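# A structural walkthrough
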Amino acid sequence: MHAVAGGDRPSRIECRGLRAGYGHLEVLRDVSFTIDRPAVYVVLGPNGAGKTTLFRALAGILPARAGTVTIGNDAVDRPTARDRMHYLSHLDGVPEGLRVREALEFYARVERAAPSDVDRVLDRLELRELAGRFLAQLSAGQKKRVSIARIFLRERAIYLLDEPTSNLDPKLAREIRGLILELGRERVVLYSSHNLYEAREIGEFVLVIRDGRLALFDRIENLRGSRFVVGLRLLRPHPAVADYPRQGEYFVRELKGPEEVPGLVRDLETQGVLLREVREMENPLEELFG
Amino acid sequence: MPDEMAPAPEPPGPPSLFGVTVRRAFVTGRIYLGIATAVSVAIAVVIGVASAAVFASFVPLLLPVYMVLAGMGGLMVFTSDRMKGVYEYLLAYGLTPRRLFLNAILASLVLVATVLGLALGVGLAVFVGRGNTVTGPLAVALALYTVPMSFTAVAFAATVGMYWSSVSSPREGLVSPVGLAPLVGVLPPLVTLFVGNAVGGAYADLAVVLALLVFVLVVLALIAAVDRLLPRERFLSSA
């Protein structure tokens, strides 16, 4: 049983022996974990591992075949449990036939948010210019922005976000990551992504789903890859790094761990190397995909 | 100790979303709506101007066929919402599959009421304006067949289409639920007319009403069985 303790109970998620699936297909098998403190929890796993099914079961959309999902103190199918969560599916979920403002008003009715919240969200997600346009006229990225806007209509204790930054341009993806980080300070945010660098940037904990089972639940900082490789980008060429292997613009060097980075930088600077950038070249999360 | 927390007050239930579903059905099904309105009004007006006898014989029979097209908006909203994840969102916020199903059917019926009212209103105005009177048989045909059959045909097409959409993989074109629905929708008018004609004589009207009733009961049974026949996962798009 994996668990993270502390924090307030309204944002508690407890899964015990959860099994769920579709028709004859069982996707999740005996998943158990407890989340009990605000943070960003990244859910990772290869395609078809069961990430979306896990989100659906946690949101109470897909009934458990066995086991339980408890939100706060309530079973997930209770209205009180649902009222604590925001769920953003991997699909846009934008209701065609409406304009952007009307779509947000539609969400606001479902969320029981005030009309003034629609205006606030239009501004916060920079949708004001698109407010009068039909959803069918928007690009995939713009639709995603409308879709994400709904989770800011009302505050809730738990945010289940299934691939919230897919289809977004880099600028907006960065803004959304910022908003998610902000949410994670006081709320539980479960977040799935295929972007491992993004996951590492914003996640505090990682849940890895593999073949429908929870393969790992740990702090991301506790994960260490079998290799620690840094890339060095120089301001101008220097013979001191001439024998380093190259990856694009980077001269790469394998170290025992991040603690060796300051020493390496010091050595190179002593030799007169002018460094423009030092970055980690391999993400330990990649190894979780096996 | 932590489990001693006071139970949270029950939040109010989710909104029905019926009004917004109707509005979206008008927008989403506007092409079908336009075709159905134009053709049904044109038929009613042209035949009403041309011949009172032909009007009384054919218009009541033809209108329900075009009403099937008029009511496509509700089904289109349903299939679009299922595929695009809107139902996934709404189910997460407490709306039930039956509520979503009913919204789409009722939205289709509102579309039909609008177009049928327009076609009948304009057609009868032209018919009466040409100096004709609405005879007993014409009134019976409209009341026993045209109006109920229009609603029944659309409800049947929408219900079968929504079941088809929920149990099948997404398809495009003529074999999609929206492509098949008009073909399914003409079944009730055709069967009912066939039964009425086969029985004939004094019991023809009764046979028509009974045949209609059978289709109404089928629709009601399918709606009642939504939660049992279509588990929630059927309302989700493929993961």
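The residue count restarts for each chain, going from 1 along the sequence in the order it is written. Naming scheme: in the order in which they are written, chains are lettered from A and ligands are numbered from 1. With the structure being a predicted model, the display of local features is reserved for residues of pLDDT at least 70 and the display and counting of side-chain atom pairs for 80 or more, all residues being used for whole-chain, interface and lining totals. Values reported for side chains reflect all heavy atoms of the structure, with hydrogen atoms and water molecules removed beforehand.

### Details of the overall build of chain B
A count of helical and extended segments in chain B gives eleven helices and zero strands. Dimensions along the principal axes, computed over C-alpha positions, put chain B at roughly 85 × 35 × 35 Å. Each residue is placed in one exposure class: buried if its accessible area under a 1.4 Å probe, protein chains only, is under 20% of its type's maximum, exposed if it is over 50%, and partly exposed if it falls in between. Out of the 239 residues belonging to chain B, those deemed buried represent 48%. Working rule for contacts: check all heavy atoms of both residues, and any pair within 4.5 Å makes them a contact. Taking contacts inside chain B between residues at least 6 apart in sequence as the whole, the part at least 24 apart equals 82%. The protein chains shown are the only cover counted for residues, whose accessible areas, like all others here, come from Shrake-Rupley with a 1.4 Å probe. Put simply, chain B shows about 10,500 Å² of open surface, and 72% of that area lies on carbon and sulfur atoms. Within chain B, the 9 negative side-chain charges are centred at a point lying 14 Å from the centre of the 12 positive side-chain charges. Counting from the N terminus, the helices are the DSSP runs of H or I reaching at least four residues and the strands are the DSSP runs of E reaching at least two. Counted as positive: Lys and Arg. Counted as negative: Asp and Glu, with His and the chain ends omitted from the count. All charge positions are set by atom: Lys at NZ, Arg at CZ, Asp at CG, Glu at CD.

### Some words on the pairing of strand β8 (residues 158-162) of chain A
Residue and element names in this part refer to chain A. When you tally the buried positions in β8, you get five out of five residues, the bulk of the element. Neither face of β8 is open: one carries I158, L160 and D162, the other Y159 and L161, and all of them are buried. Being paired, for any two strands, means DSSP has found at least two bridges between them. With four bridges connecting them, strand β7 (residues 85-88) and β8 associate as parallel partners. Pairing of H86 across the sheet is with Y159, part of β8. The pairing of β8 with strand β9 (residues 188-192) spans five bridges and is parallel. Bridge pairing in β9 links L160 to L190. You can see the chain leave β8, run along helix α6 (residues 170-186) and come back into β9, and the turn it takes is right-handed. A clockwise path from the first strand over the helix to the second, with the strands pointing away from the viewer, defines a right-handed crossover.

### Considering helix α10 (residues 204-224) of chain B
Residues three or four positions apart in an α-helix share a direction because the helix packs 3.6 residues into each turn. Residues and elements named next belong to chain B. The span you would expect from a helix comes to 1.5 Å times its residue count less one. With 21 residues, α10 should cover 30 Å at 1.5 Å per step; its first-to-last C-alpha distance of 30 Å lies within 8% of that length. What α10 keeps buried is the set A204, A207, V208, A211, L212, F215, V219 and I223. Looking straight down α10, one finds its buried side chains confined to an arc of 165°; they lie on one side. α10 presents L217 and L220 as exposed residues on the side facing more than 90 degrees away from its buried surface. Taken from the helix axis, the directions to the C-beta atoms give the arc we talk about.

### Observations concerning the domain arrangement of chain A
Residue and element names in this part refer to chain A. Segmentation of the chain into domains, including their bounds, is taken from an automatic or database domain assignment. Per the domain assignment, the segments of chain A are domain 1 (2-84 + 156-221), domain 2 (95-146) and domain 3 (228-289). Measuring from the centre of the C-alpha atoms in domain 1 to the corresponding centre in domain 3 gives 35 Å. Across the contact, eleven residues belong to domain 1 and ten residues belong to domain 3. Regarding the contact of domain 1 and domain 3, the summed buried area is about 970 Å², with carbon and sulfur atoms giving 64% of it. A 1.4 Å probe defines the accessible area here, and the buried area is the portion of it lost by two parts on being joined, summed over both. Together, L196, Y197 and R200 form the three largest contributors to the area buried by domain 1 at its contact with domain 3, with a combined 57%. Here, a salt bridge means any Lys or Arg side-chain nitrogen found within 4 Å of an Asp or Glu carboxyl oxygen. Where domain 1 packs against domain 3, one counts zero salt bridges. Here a polar contact means two N or O atoms within 3.5 Å. Within protein one must be a hydrogen donor candidate and the other an acceptor candidate, and residues neighboring in sequence count only if both atoms are side-chain atoms. The tally of links between domain 1 and domain 3 comes to zero residue pairs in polar contact (both at pLDDT 80 or more). Among the elements of the structure, α7 (196-202) and β10 (205-210) are those that each provide at least two residues to the side of domain 1 that touches domain 3. Considering every element that reaches the side of domain 1 that touches domain 3, the biggest residue donor is α7, with four residues. Broken down by class, the residue content of the side of domain 1 that touches domain 3 amounts to eight nonpolar, one polar and two charged. Put simply, Ala, Val, Leu, Ile, Met, Phe, Trp, Tyr, Cys and Pro go in the nonpolar bin, Asp, Glu, Lys and Arg in the charged bin, and everything else, Gly too, in the polar bin.

### A closer look at the environment of G117(B)
Residues and elements named next belong to chain B. Along the chain, G117 turns up in helix α6 (residues 97-129). Classification of G117 as partly exposed rests on a relative accessible area of 43%. In sequence terms G117 and L91 are 26 residues apart; their C-alpha atoms lie 34 Å from each other.

### With respect to the pattern of salt bridges
Residues and elements named next belong to chain A. Enumeration according to the criterion identifies 30 salt bridges over all chains in this entry. Between K171 and E175 there is a salt bridge; the shortest N-O distance is 2.9 Å. Taken together, the positions of K171 and E175, both in helix α6 and four residues apart, correspond to about one turn of that helix. On the basis of relative accessible area, E175 is assigned to the partly exposed category, the value being 29%. One salt-bridge network, in which partners are shared between bridges, spans D83, E111, R112, R154 and R156.

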